[in-house]
Amino acid sequence: MNNGYTSTTFTDDATLGVFFMLKTITVNNGGMRRAFLAALLLSAAAFTHATHAKPPGNLSVAACARDITPVSEGLAEAYEDRFGETPALNHSDPIYMAGFGTGREATDYNDRLWARGVVVKGRGGTLALVSLDLIGYFNNQVDIVREMVEGIDYLVVHSSHQHEGPDTLGIWGPDPTTSGVDPLYLDFVNDAIADCITEASASLVAARVKAGTITTEGLSLGISVDDDGFGVADQVVLKDDHLLAPDTNGRIVDPNLVVLQFTERARKKNVIATVVNFASHPEVLWSANTVLTSDFPHYVRERLEQEYGGTAIWVSGALGALQGPDRIDVSEDGINPVIERSFDFARVHGNQLAERAIAALDRKPGHPAPVIAYSQQKPVAVPLENPYFRFFFATGVLGNGRTLVTDGQPDTSIGFPFPPPFDVIPQALGEGLETEVGVARIGDVGLIVVPTELDPQIGRRYRAALESVEHKLIVGLGNDEIGYQVPSEKFDPSCNQCAPFILAGVPEFCPVVNPDCGTVFQNNIGSQLDPLISDALMESIGDINKVKP
Amino acid sequence: MQVAALLGAVLISASSAAHIDVVRISLAQLYLGAEVAGIVRIDSVEDHDFSHGGPPALREVLSATMLHQYKGEPRQHVHFFLDAHGPADYRAGDLAALFLEATDPADPLHQLSPEGPEVFVSRQVRNTEHRLTVDEVEDYRRVLGTYATPRWGGKQTKPAVSETLLYMLASGSISLAQSALIDWQNLGAAVDFSETQIDALTGLTRSAECPIHLRLSILKTLTAQKLVAQTAWDPLFESEDGDNLLALVRATRGREHKHFQPYLVRALGSDSLVLSGAAARALAHPTYAGVEPLLETLLRDDDLRLNYAAISGLLGIGSPAADAMLRQAAESHASKRVRRMVTARLRASLDRG
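Residues numbered from 1 in each chain as written. Chains lettered and ligands numbered in written order. Predicted model: local features only at pLDDT ≥ 70, side-chain atom pairs only at ≥ 80, totals over all residues. Heavy atoms only, no water.

A. Layout of the packing of aromatic side chains. Within this structure, the stated rule accounts for 14 aromatic pairs over all chains. Taking the centre distance of 5.7 Å and the plane angle of 20° together, the rings of Tyr154 of chain A and Tyr374 of chain A count as stacked. Remark: Tyr374 of chain A occurs in strand β13 (residues 372-383) and Tyr154 of chain A occurs in strand β5 (residues 154-159); sequence separation between them is 220 residues. Here Tyr154 of chain A and Tyr374 of chain A have matching classes, each one buried. A ring pair is formed by Phe237 of chain B and Tyr263 of chain B, whose centres lie 4.4 Å apart and whose planes are at 5°; its orientation type is stacked. Residue Phe237 of chain B is found in helix α10 (residues 234-239), and its partner Tyr263 of chain B is found in helix α12 (residues 261-268); the two are separated by 26 residues along the sequence. The exposure classification of Phe237 of chain B matches that of Tyr263 of chain B, with both residues buried. An aromatic cluster of at least three residues, connected via ring pairs, comprises Trp233, Phe237, Phe260 and Tyr263 of chain B. When the ring centre of Trp114 of chain A is taken as reference, the NZ or CZ atom of Arg116 of chain A above it lies at 4.8 Å. (Phe/Tyr/Trp six-rings, centres within 6.5 Å; stacked < 30°, edge-to-face > 60°. Helix = DSSP H or I, 4+ residues; strand = E, 2+ residues; numbered from the N terminus. Buried < 20%, exposed > 50% of the residue type's maximum accessible area, 1.4 Å probe, protein only. Lys NZ or Arg CZ within 6 Å of the ring centre and 35° of its normal.)

Dropping the structure here:
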């Protein structure tokens, strides 16, 4: 039943877990019924609005936002110039920017980076979702944050994977063997997330929730080779993808933009938070930019907050293999493309995504008492097959407290397993990594939480399996960032197969022709990632599907 | 075997690996995987319409004049696509060392212009773009020329490799030096530097003209390959200050050694909060047991950033004394935030076993 995973929400027996949850719901419903009866009696006694009496909702929600812009001594003046505030320093100089090559030092600011969150409390538990404008956040840091907050049953810390912010993982330092992470900044971010959640938890107000799902078709001009008009381009086509998508030469994107909105139940119905989910790397500004920015999500949020007020939260979806804005064209007038890799592009694209999100929401009031449920699988152990990651762990470029794991125990051993003369290349020797997956449900909305840059074709499978809800967000880089996840049958092992030949200095003798060590397979844990993540996630999806609304 | 072939003995083959944005691919690997290699001047970067009457199909094509060619059929001009995540950022007028592959007939890029001029693909990214200043051209010519020239009946000897690597490291070109470091780190003992060459490398680590991160990379590689002792770090600890000293302190992470302790303790007492904090984090290893009282002083400092650094240091030392200090701080530290942080980190470290 549990396939070696443990579930922190349910007991090890999922059936018992569901029973426990249903029991909880029953108790809550009993309370609701009592309150409803009392309300009816009161109304009847007063002879007023008896027929309009509604069940009292029990959803309460609050949002929060914390500025997590990295500020070093060298950039403090630029921060003050840009935002008009004297900043607290939270980073040393220089600030290495993550996402492309190494040695990219930040020089200025365009907009602030944020930790933006929402705490949702209702019948079934309390959830918190915090979105970071960061390249990624390792699971060991999330574990620290979890110990810093109270009263949250399931915390999801998501990274937008934006490529124009500080290095928080390690591989974008001054050179390929020096980490770009300042651990002081990680402490600062952990504090910010914890403060955000604590503040929201103390500010919960009665709320309603509603959601919408809309296509992004037409959000880009479709005049470039890889642009099929969905506001995002698939930059890497995997083996046999053309069979799945013959009309687009195998390019597969996720055209779903999902919006989740919480409003106050009070008369004014103020918007508390609007969560937008779409699958595209926030990397409009591309690799030559040195101005810190959250990229196009900044403009999405700005437009949504202009429209609704409240706190707008961006959540990146299935980003893998390889979804991004660089090969699309957007236009303000519908004719002339905006200059690519510019803030103008980010603004236009962001605004258009926001307009689509607005169109996804109707004006009906949301649900006041949705069921809250969640299922988390942690740890999920994944064997590490990637010698690059082993090299980076061994040299301390990756890590910051995260280690490989062997038989469930931290394993910091380093060795030199390659044959001479390559027996000087250090490798971390642990078996693999531990990560986590999960699914959360808020009424008719599901959040599928994966620690990867998920291929959209897998995301489609997860969405289909989560049949108990209508609106399905895919929370990519949820509670971790462990690289790309492609369908197991499309994992290309050629780079690993050729390793002995390559390591021996005779790659030309490898019997595999044109081994693929490209982005998707280089930033990849290995061939077993997809089945292990999918098995664990399907278990959670199964749990959630059993929950009665 | 030529220099490039020997240097190309690395983790992955160059041609297929050059897609990745943070790839560690050396010049030698790029050379090995290329069908056309040379130093070029970029003439234009333009969108071309490949629609051929069909749906719109714009794609950027770069044109360049070949100034010095080292591989492939001789040609005066080349046209190429960039195909990579975070590709090189070439502009018209740039000088660059270019490594091109022919498009495969199955490649969509090949299908774009089946009737057009021969169009190559560059999979070079920011880390491997090798845009050159005028001053770098001669250094690149020499290195690429070495790769292209079979010696001694087509067999390359180790001294030639070490000479090439040393030349690249000392060239003053950051990208050449970083390429050399990749080859050196991957080849390890196979490079077989002579005593004189090791002295020259050690001298580079002390050269103020050399950027600190490059000097530290050389020093770390020398140390990892046991070509020098930890004492080779002493001159830097004695002479560097400011950001350089900060980088030096951080560079000791992962190569902890008692020899570094006095220097780290000295940095711990620095007036610079950033340096002091970095030293506290660099001491986060059982090797440095005994410095707990000094870290406890930082734990009690008024500055939260120093408190957090001290927590990291004490957790990393992991001694009973460190543990006792952390537990006491969790209960009675004056700062609520520190109590929260230390409690969380203790619990999280316990959860990890």
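B. Local environment of the confidence of the model for chain B. On average, residues of chain B score 86 in pLDDT, and 86% of them are at 70 or above. Counting contacts from residues 152-156 of chain B, a segment whose pLDDT is below 50, to residues more than four positions away or on other chains yields 10 contacts. (pLDDT = per-residue confidence, 0-100. Contact = heavy atoms within 4.5 Å.)

C. Spatial organisation of the packing of helix α7 (residues 174-187) of chain B against helix α9 (residues 212-224) of chain B. Residue and element names in this part refer to chain B. In contact at an axis separation of 11 Å, α7 and α9 are set at 15° when each is read in the N-to-C sense. Relative to α9, the element α7 is oriented roughly parallel. The way α7 lies across α9 gives a crossing that is left-handed. Between α7, through Ile174, Ala177, Leu181, Trp184 and Gln185, and α9, the contact on the second element is made entirely by Leu214, Ser217, Ile218, Thr221 and Leu222. Class assignment of the residues belonging to the contact of α7 with α9 gives a composition of 7 nonpolar, 3 polar and no charged. (Axes fitted to C-alpha atoms, helices over the stretch in contact; angles between N-to-C directions. Parallel < 35°, antiparallel > 145°, perpendicular 65-115°, else oblique. Left-handed = near helix turned anticlockwise from the far one by under 90°. Nonpolar A, V, L, I, M, F, W, Y, C, P; charged D, E, K, R; others polar.)

D. Spotlight on the state of the cysteines. All names here are of chain A. Across all of its chains, the model carries 1 disulfide over all chains by this definition. Here Cys64 connects covalently by a disulfide to Cys196, the sulfurs 2.0 Å from one another. Judged by the torsion about the S-S bond (95°), the Cys64/Cys196 disulfide is right-handed. A residue pair is termed long-range when its members are at least 10 positions apart, and Cys64 in strand β1 (residues 60-67) and Cys196 in helix α4 (residues 183-201) qualify at 132 residues. Of the two residues examined, Cys64 and Cys196, each falls in the buried class. (Disulfide = S-S within 2.5 Å.)

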